[in-house]
Amino acid sequence: MPDYTDKEYDALDEYYTKNPPKVSGGGKSGFFAKHKGRIIIVDKLSADLLRVKAAAEHTAAGAIIGAESE
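Residues numbered from 1 in each chain as written. Predicted model: local features only at pLDDT ≥ 70, side-chain atom pairs only at ≥ 80, totals over all residues. Heavy atoms only, no water.

With that out of the way, let us pick up helix H3 (residues 44-57). The end-to-end C-alpha distance of H3, which contains 14 residues, comes to 20 Å, matching closely the 20 Å that a straight helix rising 1.5 Å per residue would cover. Taken residue by residue, H3 has Ala 47, Leu 50 and Ala 54 as its buried positions. All buried residues of H3 fall inside an arc of 60° around its axis, so they share one side. Residues of H3 that are exposed and point over 90 degrees away from its buried face: Lys 44, Leu 45, Leu 49, Val 52, Ala 55 and Ala 56. At the C-terminal side of H3, His 58 shows a positive phi close to 55°. (Helix = DSSP H or I, 4+ residues; strand = E, 2+ residues; numbered from the N terminus. Expected span 1.5 Å × (residues − 1). Buried < 20%, exposed > 50% of the residue type's maximum accessible area, 1.4 Å probe, protein only. Arc of directions from axis to C-beta.)

On to the packing of aromatic side chains, then. The geometry of two aromatic rings is summed up by the distance between their centres and the angle between their planes. On inspection of all chains with the given rule, the structure shows two aromatic pairs. Their ring planes at 80° and their centres at 5.4 Å tell us that Tyr 4 and Tyr 9 sit as a pair that is edge-to-face. Aromatic pair Tyr 15 and Tyr 16: ring centres 4.9 Å apart, planes at 85°, arrangement edge-to-face. In this structure Tyr 15 comes out as partly exposed when scored by relative accessible area, which is 45%. Residue class for Tyr 16 comes out partly exposed when judged on its relative accessible area of 47%. (Phe/Tyr/Trp six-rings, centres within 6.5 Å; stacked < 30°, edge-to-face > 60°.)

Before going further, it helps to examine the confidence of the model for the chain. For the chain, per-residue confidence averages 81 on the pLDDT scale, and 81% of positions sit at 70 or higher. Confidence, expressed as mean pLDDT per element, reaches its minimum in the chain at helix H2 (residues 31-34) with 70 and its maximum at helix H1 (residues 6-18) with 93. (pLDDT = per-residue confidence, 0-100.)

Attention now goes to the pattern of salt bridges. Between side chains of opposite charge, a pair can form as their charged atoms come close. In total, this model carries three salt bridges according to the counting rule given. The salt bridge partner of Asp 48 is Arg 51, with a shortest N-O separation of 2.7 Å. Of this pair, Asp 48 and Arg 51 both sit in helix H3, three residues apart, which is roughly one turn of the helix. For Asp 48, a relative accessible area of 27% translates into the label partly exposed. Judged by relative accessible area, which is 54%, Arg 51 ranks as exposed. Among the charged side chains, a network of salt bridges with common partners joins Lys 44, Asp 48 and Arg 51. (Salt bridge = Lys/Arg side-chain N within 4 Å of Asp/Glu carboxyl O.)

Given below as structure tokens:
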């Protein structure tokens, strides 16, 4: 990343504040929009456990999580 001066940073900040970048899909096509309410965050140990259990059962980790919550 290039080194900008404070003046250049201020100019970029002002430009993007007045002209925000356009995003496609109207906010409905991104990963988080498509998976709203179905994303979980786990630590590495839990993720490894889910992967191993899914591989042993020849299924997806999501199916294991769904089965556990029922």
